[in-house]
Amino acid sequence: KEKKRHMGDTKHFCPVSLKENFILYPGLNDHAAKYREKIYYFSTSEYRDKFLENPEEYVAHDEPIQAPPLRVCLLGTHGAGKTTCARKIADKLGIFHIQFEEYLQKLILPKTKKKVGSHFDEEPEEDDNKMPNLSQELEDFHQTITETGTEKSKEEVKLTDEEEAIKANLMDNEALPPEVLDNIVPDWWMKEPFRSTGFILDGFPRTLDEARYLSERGLCPDVAVYIQVEESHVLDRLFPPRLKKWKERQYKKTENKKKLKDLKAKIRV
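The rules behind these values
Residues numbered from 1 in each chain as written. Predicted model: local features only at pLDDT ≥ 70, side-chain atom pairs only at ≥ 80, totals over all residues. Heavy atoms only, no water. Pairing = 2+ DSSP bridges. Helix = DSSP H or I, 4+ residues; strand = E, 2+ residues; numbered from the N terminus. Axes fitted to C-alpha atoms, helices over the stretch in contact; angles between N-to-C directions. Core = buried A, V, L, I, M, F, W, Y, C linked by side-chain atoms within 4.5 Å. Buried < 20%, exposed > 50% of the residue type's maximum accessible area, 1.4 Å probe, protein only. Contact = heavy atoms within 4.5 Å. Parallel < 35°, antiparallel > 145°, perpendicular 65-115°, else oblique. Left-handed = near helix turned anticlockwise from the far one by under 90°. pLDDT = per-residue confidence, 0-100. Phe/Tyr/Trp six-rings, centres within 6.5 Å; stacked < 30°, edge-to-face > 60°. Salt bridge = Lys/Arg side-chain N within 4 Å of Asp/Glu carboxyl O. Expected span 1.5 Å × (residues − 1). Bend = angle between axes of the 7 residues up to and from the residue. Polar contact = N/O pair within 3.5 Å; in protein donor to acceptor, adjacent residues only side chain to side chain.

**Brief notes about the sheet that holds strand S3 (residues 71–76)**
Phase 1 of the analysis: Across the sheet, four strands lie side by side as S4-S5-S3-S6; this open sheet has parallel pairing. The sheet is open, and its two borders are formed by strand S4 (96–99) and strand S6 (223–227), each paired with just one other strand. Along the sheet, successive strands turn relative to each other by an average axial angle of 20°, direction set aside.
Phase 2 of the analysis: The pairing of S3 with S6 spans five bridges and is parallel. Note that in S6 the partner of Gly-76 across the bridge is Ile-227.

**Here we look at the nonpolar core**
Phase 1 of the analysis: By size, the foremost hydrophobic cluster in this structure holds 25 residues, and its most contacted members are Phe-100, Val-185, Trp-188, Trp-189 and Leu-201.
Phase 2 of the analysis: Residue assignment for this core shows that the elements contributing at least two residues are helix H4 (100–112), helix H7 (161–172), helix H8 (178–181), helix H9 (186–190), strand S5 (199–202) and helix H11 (208–217).
Phase 3 of the analysis: If we ignore the near neighbours within four places in the chain, the residues touching Trp-189 are Asn-21, Ile-23, Arg-71, Arg-195, Phe-199, Leu-201, Leu-214, Leu-219, Cys-220 and Pro-221.
Phase 4 of the analysis: Listed in part, the nine residues of the second largest apolar core include Cys-14, Phe-42, Tyr-58 and Val-59.

**Some details on the packing of H4 against H7**
Phase 1 of the analysis: H7 packs onto H4 with a crossing angle of 130° between their chain directions and a minimal axis gap of 10 Å. In terms of axis orientation, H4 runs oblique to H7. H7 is crossed by H4, and the crossing has left-handed handedness. Residues Glu-101, Leu-104, Gln-105, Leu-107, Ile-108 and Lys-111 of H4 pack against Glu-163, Ile-166, Lys-167, Asn-169 and Leu-170 of H7.

**Here we look at the confidence of the model for the chain**
Low-pLDDT portions of the prediction should not be read for the details of their coordinates.
Phase 1 of the analysis: Mean pLDDT for the chain: 85, with 84% of residues reaching 70 or above.
Phase 2 of the analysis: Throughout residues 123–139 the model reports pLDDT below 50, and contacts reaching past four residues in sequence, or to other chains, amount to 17 contacts.

**Here we look at the packing of aromatic side chains**
Phase 1 of the analysis: Taken as a whole and judged by the stated rule, the model has nine aromatic pairs.
Phase 2 of the analysis: Centroid distance Phe-51 to Tyr-58: 6.1 Å. Interplanar angle 35°. Geometry classified as tilted.
Phase 3 of the analysis: Here Phe-51 falls in the buried class, since its relative accessible area comes to 0%.
Phase 4 of the analysis: A centroid spacing of 4.5 Å and a plane angle of 40° characterise the contact between Phe-100 and Phe-204, whose relative ring orientation is tilted. Placement of the pair is Phe-100 in helix H4 and Phe-204 in the loop between S5 and H11, with a sequence separation of 104 residues. Of the two residues, Phe-100 and Phe-204, neither departs from the other in class, the shared state being buried.
Phase 5 of the analysis: Aromatic rings pair up to connect Tyr-35, Tyr-40, Phe-42, Phe-51 and Tyr-58 into one cluster.

**So, the pattern of salt bridges**
Phase 1 of the analysis: For the coordinates displayed, the defined rule picks out twelve salt bridges.
Phase 2 of the analysis: The partner of Glu-20 in a salt bridge is Lys-50, with the nearest N and O atoms 2.8 Å apart. Placement of Glu-20 in helix H1 (residues 15–21) and of Lys-50 in helix H2 (residues 45–53) is noted, with a sequence separation of 30 residues between them.
Phase 3 of the analysis: Overall, the relative accessible area of 35% leaves Lys-50 in the partly exposed class.

**Describing H4**
Phase 1 of the analysis: Between its first and last C-alpha, H4 extends 18 Å over 13 residues, near the 18 Å set by a 1.5 Å rise per residue.
Phase 2 of the analysis: By the largest-angle criterion, Lys-106 marks the main kink of H4, which is about 35°, and a proline, Pro-110, follows within four residues.
Phase 3 of the analysis: Those residues of H4 that sit buried are Phe-100, Leu-104, Gln-105, Ile-108 and Thr-112.
Phase 4 of the analysis: Turning to H4, the residues buried within the fold contact S4, H7, H8, H9 and S5.
Phase 5 of the analysis: Of the residues flanking the start of H4, the one acting as N-cap is Gln-99, its side-chain oxygen 3.1 Å from the backbone nitrogen of Glu-101.
Phase 6 of the analysis: Two residues or fewer past H4, Lys-113 is found with a positive phi of approximately 70°.

**A few points about the pairing of strand S2 (residues 38–42)**
Phase 1 of the analysis: When you tally the buried positions in S2, you get four out of five residues, the bulk of the element.
Phase 2 of the analysis: Note: strand S1 (residues 28–35) against S2, five bridges, orientation antiparallel. Across the sheet, residue Ala-32 finds its bridge partner in S2, namely Tyr-41.
Phase 3 of the analysis: The antiparallel pairing of S1 with S2 creates a hairpin that spans two residues between the two strands, and Arg-36 there sits at a positive phi of about 50°.

**What to know about helix H3 (residues 82–93)**
Phase 1 of the analysis: Compared with an ideal rise of 1.5 Å per residue, which puts twelve residues at 16 Å, H3 spans 16 Å between its outermost C-alpha atoms and is within 8% of the ideal.
Phase 2 of the analysis: Considering only its buried residues, H3 is in contact with S3, S4, S5 and S6.
Phase 3 of the analysis: Just downstream of H3, Gly-94 is the residue with a positive phi angle, here 70°.

Structure, rendered in structure tokens:
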């Protein structure tokens with residue numbers, strides 16, 4: 001029965017959503033209308049009524065209706081290789097690559113001055129060329145503490161509520177409120193240059209609530225790809241470089257302790 005129906009120019013996609021938002025949003029049988037012997041399906045009853053008020057604005061005339069560019073959501077656990085794959089796909093298809101967590105980092109980096117999160121919570125590296133002057137430290141002990149406290153208070157920058165939410169998400173996986181997502185995600189569907197070029201969104205949605213957010217906002221990806229890998233493969237990718245960094249830090253600490261011990265011996269002499 002469905003095959004015998006003469007479907008409209010946008011087939012089973014909502015013509016109003018395509019025209020106004022440049023998004024392929026599946027229509028529903030409950031929101032269908034007939035115009036010039038063709039059946040059109042709409043995402044909402046409001047869009048159906050809007051179409052019936054002025055149908056000529058939403059149907060094809062001299063040329064076929066242009067379809068939007070490709071929009072891809074690439075999903076997978078941390079260390080699965082999403083970013084590597086996304087970069088290659090973006091280069092091959094000529095679309096934008098958006099790494100979601102990296103994008104969040106850039107939003108708060110001007111104030112935090114460094115990336116935040118469990119992946120970046122490493123001990124600060126010590127500078128080999130800056131050995132402590134012990135005599136000076138003893139003479140100016142109280143002054144140093146006072147100046148340090150003053151500098152820290154000057155360096156503290158107050159984050160906005162939105163920035164605090166982003167920081168909590170990066171550090172503790174706290175869910176991003178919809179009002180924060182509203183200031184980030186829709187632009188990739190609605191605004192240029194993403195709107196006419198397309199993108200591959202790496203690492204979003206990450207939770208059921210985020211997937212539901214996309215659905216409720218009508219932000220439909222054309223395809224969602226999930227990269228599934230064995231846990232052992234993830235460990236093979238992530239563990240060696242982290243172990244190497246840890247060994248380098250331990251070596252530097254040992255060297256600095258040795259230099260400090262030699263310096264103390266010279267001062268005693």
